[in-house]
Amino acid sequence: MPTTSLHADSFLPYMRDVARCEQSLRELGLMWRMVESSAKLNCPLEAQSILPIMSATQAGFNRLERELVRSLIEEKVGNVLTAIGTKARFVIDIVVRNLYERTADVGFLATDRELCAFVAGEQGHADTIRQRLHDYRNKYTVYNEILLLDTRGNVLVQLDPDAPVEGSTDPLIAATLSTDQFVETFRATDLRPGTPQALIYSRRMHHPDTGAVVGLLCLCFDFEREMASIFRSHRDREGRINMLLLDEDRRVIASADDRWIAVGTTVPVNPHGLPQVLIHEGREYLMQTCGAEDYQGYPGPKGWQGQVMVPLAMAFSAAPRQTLATLTPTTSAGLLTHARRFSPPLYEVMTATETIQRVVWNGQVITSERREGQQQLKAILDQISETGTRSNEVFSQSISDLYETVLQSRLDGAESTAQLLVDLLDRNLYERANDCRWWALTPQIRTALASPAPDMEAITCILDVINGLYTVYSTICVYDAQGQVIAASRNALPRYAAAGAQVDGATLRRVKALKDDQSYTVSDFAASALGGDTPTYVYHAAIRHPQDESLVVGGIGIVFETERELQAMLKGCLAPDAPTTAQFVNRQGHVLSSTDSALPTGVAMDLPADALQLRRGESLARVLEHGGDYVVMAIAANEGYREFKTTDGYVEDVLAVVCIPLGKVQPQAAAARSAYQAPPTASLDEPLRMVATVWCGPHILGLPAAQVTEAVPAHKLGGRSTGDTHGRVGLLIPQPGLAIERSVWVYDLGRLLGAGHRTPNDSGEIVVVQRGQRQVGLLVDALHAVPEFADDQIVRSPVLSPDRPALITHLIKPVGDHPLIQLIDAERLFEELDQPALPE
C-alpha cells in the first residue's frame, strides 16, 4: 500500500472485529492498571520484585493500544485496495488488448482488393460487397456495424439496417483520409444515429491499381456489449463494488451498474492507490484507478482508465472464506512461522503478544518462591495469572482474525488473477479462430489454389502483409488439397520444403470435412510439421473453390506464437518483483506454459484432484503444501468467449494456475496452542508446587519454577551451532534486559529428549534453568504457563527405564480435558549435560 497518512478513525467504525479488539485491549489495560494499583496499596513491600514486571506489562499494552489497532486497520485497508486495484487493472487491460486487435483488423480489411475496387467504382455490386462484409462480421462478432464511404462522406455500403445512414459530415472522415494510419474515435457521431457514444476504427482505402485514396472503411466496435461481458466476468459476487471505465476527463463511459453510477457521471479518482476516503454524491468510497499500459506498442485510447469503487460501509463486510478451518493445525502453525515474510502487521501482533506473555510468565516465575504464607501477595499473583489468561485469549483471537484476513486477501487476489488469465486466453484465441476463417476467404488465394499452377509468389506476398499486421503468428501458410505447403510468410517456405513439411493426414481430413466458411479446426497442443519442435496451436480453415463452395482446394494454417504469447499473458498479470508463479495447463494437468522454470512445457503439474474436475467458468483457491512450500494456489477453468468454445463446436479446456509461495513447509511446527486453564487442586489446605511449563513440539513440559531464572526470546541467541555433538545450539550472552550475569550454553530441549536435530531460528524461547551456581539455557517452542499443583496430582512416569536415567520422571495427572504435563527432573538434566568451558 502506498505510503501516506492513514486516518484510522475514518475506517474503524466500519471494522467491527478491529473495534472489538480495541475495546478488549483497553479493558485489559485497565485490568493491569488495577492489579498494579492493588499491589502497591495492599502489599507494597512484598510486591517490590513484581512491580517492574507490572510496569513492563503496562508498557506493552500501551504500545499495543497505539500500534496494533493501526496495523490491523492498515492491513485491512491495504487488502481492500489491492483487491479492487486488481479488478481495476483487469478492466483496462482487457479493453486495451481487445482494441489492439481492432487496429490490426481495420488495417488489413482496408487493403482488401475487392472492397477497394468497389469503393473506387471499378467493380462489384453493393449486395455482393454487403454479403462479403456480412461474412466478415459473422466471424468477427465484436463489430455491430461496418461502413464503406467515399471521399465525400457518402455511405456506399453499411450492414446495420436498423440505423440507415446516407452520408456523414463527421470530422473523422477528413482525419482518416489525411493519414495512412488508423483513426480511433469515441463519441457521438452521425455514422451511428441513436447511439450516445460509438467506438469506431477507420482507415483510408486506396485504388487497387493506382494507389489513389478513394474512400475509407469504418469498423464500429460493439462497445456496450463488450463492456457488459467484461463486467459480468469479473463482477463481485456480493455486489459490493462497481467497476467503471473512465475517459481522460474522469467521465464514466461504461459502468457495471448504470443505476448506481450512470454513464456520463464525473467521479473522483485515486490513480496512486492512496489509502484515503473519497466522497461521491454524498457517499464515502475506497477506490482504485488504473491507467492503460502499452500492449505490443498500442497505448489504448487516450486517457482511458479502469476504476473500481466500493462504499466504505461495505468495504470490510465481505463474507469470510473461513480458510483457517480448512487447514490442519500443523499447517496453520507452520504458516505462522513465516508471518514476518508474508504479513508484517501479523508478525507485529504476534511479537507484541509473545512479549507480554513472556513478561507475565517471568513475573510468575520470579515470585514463585514467595507465594507460600503471604496471602495478600498470593491474591495479587492470582490476579496476574487470571489477567494473563484473559490476555492470551484476546491475543489468540486477534491473531486468528488478522491471520484469516491476510490469507483471504491472498486467496482472493490469486483467484481473481487465475480468472483473468483464462479470460484473456479465451479472448486471444477467439481472434485466432476468426483470422484463419477470414483469410481463407481471400479471393486471390482462392483463385490461385483453384488454378492448375498456383502463383505461389503472389500468395506469399499476401501472407507477408497479413503477418506484418498480425504479429502473434510465427508463420502463416497455405497448402493444397494434398496437404503440401505451397506458400508461407516470413520466408518459411524453404524451411518447410527442406523438412518435407506436409499437413498430417488427420488434420487434412478434418479440414476437408469442414461444412462451411464458419467452421475451423485446431491442432492438438503439440509439436507438428507446421509448428516445428515447439508445442503450439495451429488454426486451420478450408480454402474453397471460388465457383464451387463445396469443393475444398486447400487450406490455411496459422501457427500461433504460443510460447511467446502465453508467456506474455502470464507475466503481464503478475507483479514484476513478486515471487508468484502462473501456469496454463490442460485438463490432464500438463503444462502448456509456465513462469516457473521448474515446470517446463509438457510436464505434469501436481494439482488437487478436484481442480482438474472444475466445470467451465468455475474456480477455486486454497492454501496447501506444494513442492515443499506453503502456497496459496488458485485454479480457474476457461468459460469461452462469445461463440468461441461455447457454441462453435471447439472443445479444448484450459486451466490457469496461480501460486503464491508463503514459505517452506515446517513439518515440526507445533499446532495452535490453547490458553492454559488450571485444573482443580486436591485441597486448598495442601502445599502447592509451582511448575513453569513450556511447549516443546506438541508436548507440554514442566520444570520446577523455583529453578527457573527467566525466559528470553530465541532471537537473542548468539554463537549459533548446527553440528555440535553436545547438543548445544548456541550461546546466550549477558546483555541489557537479561537477568543472567555471565554467558550460558543453550541446548535444544527437543533434541535432548530424542526428538532429533533441528536448525535453530529466531522463533521460540530460551528458558534459563539454574542449579546452584550453574546455569543452562533450554530452547523450546513457546511458553505455556506457571500453574500450581498439589502433591497428589503428581505421579511417577510409568515409562522409566532402569538402564538409562530419564529426564522426564513424573507426570501431572490430566483432569477432564486438561492436557498431560510431563515434568523434567532438573537435577538429572544438569547431571547429563556435558558442558565444556565457556569462552572467555
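Procedures and definitions
Residues numbered from 1 in each chain as written. Predicted model: local features only at pLDDT ≥ 70, side-chain atom pairs only at ≥ 80, totals over all residues. Heavy atoms only, no water. Helix = DSSP H or I, 4+ residues; strand = E, 2+ residues; numbered from the N terminus. Expected span 1.5 Å × (residues − 1). Buried < 20%, exposed > 50% of the residue type's maximum accessible area, 1.4 Å probe, protein only. Pairing = 2+ DSSP bridges. Axes fitted to C-alpha atoms, helices over the stretch in contact; angles between N-to-C directions. Contact = heavy atoms within 4.5 Å. Parallel < 35°, antiparallel > 145°, perpendicular 65-115°, else oblique. Left-handed = near helix turned anticlockwise from the far one by under 90°. Phe/Tyr/Trp six-rings, centres within 6.5 Å; stacked < 30°, edge-to-face > 60°. Lys NZ or Arg CZ within 6 Å of the ring centre and 35° of its normal. Salt bridge = Lys/Arg side-chain N within 4 Å of Asp/Glu carboxyl O. Core = buried A, V, L, I, M, F, W, Y, C linked by side-chain atoms within 4.5 Å. pLDDT = per-residue confidence, 0-100.

**Regarding helix 2 (residues 16-42)**
For helix 2, built from 27 residues, the straight-helix expectation of 39 Å at 1.5 Å per residue is met to within 8% by its first-to-last C-alpha distance of 39 Å. Along helix 2, the residues that are buried comprise V18, C21, E22, S24, L25, L28, G29, W32, V35, E36, S38 and A39.

**Some details on the sheet that holds strand 4 (residues 198-206)**
Here 5 strands make up an open sheet; going across it, the order is 2-1-5-4-3 and the pairing antiparallel. The open sheet terminates on both sides in strands that have one partner only, identified here as strand 2 (155-158) and strand 3 (183-187). Averaged over all neighbouring strand pairs, the angle between strand axes comes to 20°, with direction disregarded. By the bridge criterion, 3 bridges tie strand 1 (residues 143-150) to strand 2 in an arrangement that is antiparallel. In the sheet register, L148 faces strand 2, and the bridge partner there is V157. Here helix 5 (residues 126-139) sits on the sheet and contacts strand 1, strand 2 and strand 5 (213-221); the angle it forms with strand 1, its principal contact strand, is near 145°.

**What to know about the packing of helix 13 (residues 443-450) against helix 14 (residues 456-469)**
Axis separation between helix 13 and helix 14 bottoms out at 10 Å; the angle between their running directions is 155°. When the axis of helix 13 is compared with that of helix 14, the two are roughly antiparallel. The handedness of the crossing between helix 13 and helix 14 comes out as left-handed. Contact with helix 13, carried on its side by Q444, I445 and A448, involves I459, I462 and L463 of helix 14 and no other residues of that element.

**Considerations on the sheet that holds strand 10 (residues 305-311)**
Strand order in the open sheet made by the 5 strands is 7-6-10-9-8, with antiparallel pairing throughout. With partners counted over all chains shown, the strands left at the sheet margins are strand 7 (252-255) and strand 8 (278-280), one partner each. Across this sheet, the average inter-strand angle for adjacent strands is 40°, counted without regard to direction. Note: strand 6 (residues 242-246) against strand 10, 5 bridges, orientation antiparallel. Paired with M243 across the strands is V308, a residue of strand 10.

**What about the environment of A414?**
You can see A414 is positioned in helix 12 (residues 375-439). The class for A414 is buried, based on a relative accessible area of 1%. The residues contacting A414, other than those within four sequence positions of it, are V632, A634, V658 and I660.

**A closer look at the packing of aromatic side chains**
The final tally for this structure, using the stated rule, is 19 aromatic pairs. The interplanar angle of 90° and the centroid separation of 6.5 Å between the aromatic rings of F11 and F316 together place this pair among those described as edge-to-face. Here F11, found in helix 1 (residues 8-11), pairs with F316, found in the loop between strand 10 and helix 8 (323-326); they are 305 residues apart in sequence, far enough to count as distant. Through successive ring pairs, a cluster of aromatic residues spans F108, W439, Y470 and Y473. The ring of W745 has R728 sitting right over it, with the charged end atom 4.1 Å from the ring centre.

**Overview of the environment of Y470**
Within the secondary structure, Y470 is located in the loop between helix 14 and strand 11 (473-480). For Y470, a relative accessible area of 2% translates into the label buried. Considering only alpha carbons, one finds Y470 and A83, 387 residues apart in sequence, at a separation of 34 Å. Contacts of Y470, omitting those with residues within four sequence positions, involve A104, D105, F108, D435 and W439.

**A look at the pattern of salt bridges**
According to the stated counting rule, one finds 37 salt bridges in the structure shown. Here K40 ties to E36 by a salt bridge, and the two come within 3.6 Å at their closest N and O atoms. Taken together, the residues span about one helical turn, with K40 and E36 both in helix 2 at a distance of 4 residues. For the salt bridge of D610 with R622, the shortest nitrogen-to-oxygen distance reads 2.8 Å.

**What about the side chain of S797?**
Among the secondary structure elements, S797 is positioned in the loop between strand 32 (794-796) and strand 33 (808-812). Residue S797 is classed as buried on the basis of its relative accessible area, which comes to 6%. Setting aside anything within four residues of it in sequence, one finds S797 in contact with I808, T809, H810 and L811.

**Some thoughts on the nonpolar core**
It is characteristic of soluble globular proteins that their nonpolar side chains tend to be buried jointly. If you look at the biggest cluster of nonpolar residues, it comprises 166 residues, and the most contacted ones within it are W439 and Y539. Top contributing element to this core by residue count: helix 3 (residues 51-109), with 25 residues. Beyond its immediate stretch of four places on either side in the chain, Y539 contacts L429, R432, A433, C436, Y520, T521, V522, I556, G557, I558, F644 and Y650. Counting 29 residues, the second largest nonpolar core, distinct from the first, contains M690, W745, L778 and L783.

**Some thoughts on the confidence of the model for the chain**
The predicted model of the chain has a mean per-residue pLDDT of 87, with 92% of residues at 70 or higher. Contacts for the low-pLDDT stretch residues 680-684, under 50 throughout, to residues beyond four places or in other chains number 8 contacts.

**Observations concerning unusual backbone geometry**
Within the chain, Q296 stands out as a residue other than glycine whose phi angle is a positive 50°. In this structure Q296 comes out as partly exposed when scored by relative accessible area, which is 37%. Positive phi outside glycine occurs at N491, with the angle close to 55°.

**So, the side chain of E101**
Position of E101 among the secondary structure elements: in helix 3. Once residues within four sequence positions are removed from consideration, E101 is found in contact with E431 and R432.

**A look at the pairing of strand 11**
Where burial is concerned, most of strand 11 is hidden: 7 out of the 8 residues are buried. Relative to strand 12 (residues 485-488), strand 11 is paired through 3 bridges, and the arrangement is antiparallel. Across the sheet, residue Y479 finds its bridge partner in strand 12, namely V485. The hairpin formed by strand 11 and strand 12 contains 4 residues between the paired strands, and G483 there has a positive phi angle of roughly 90°.

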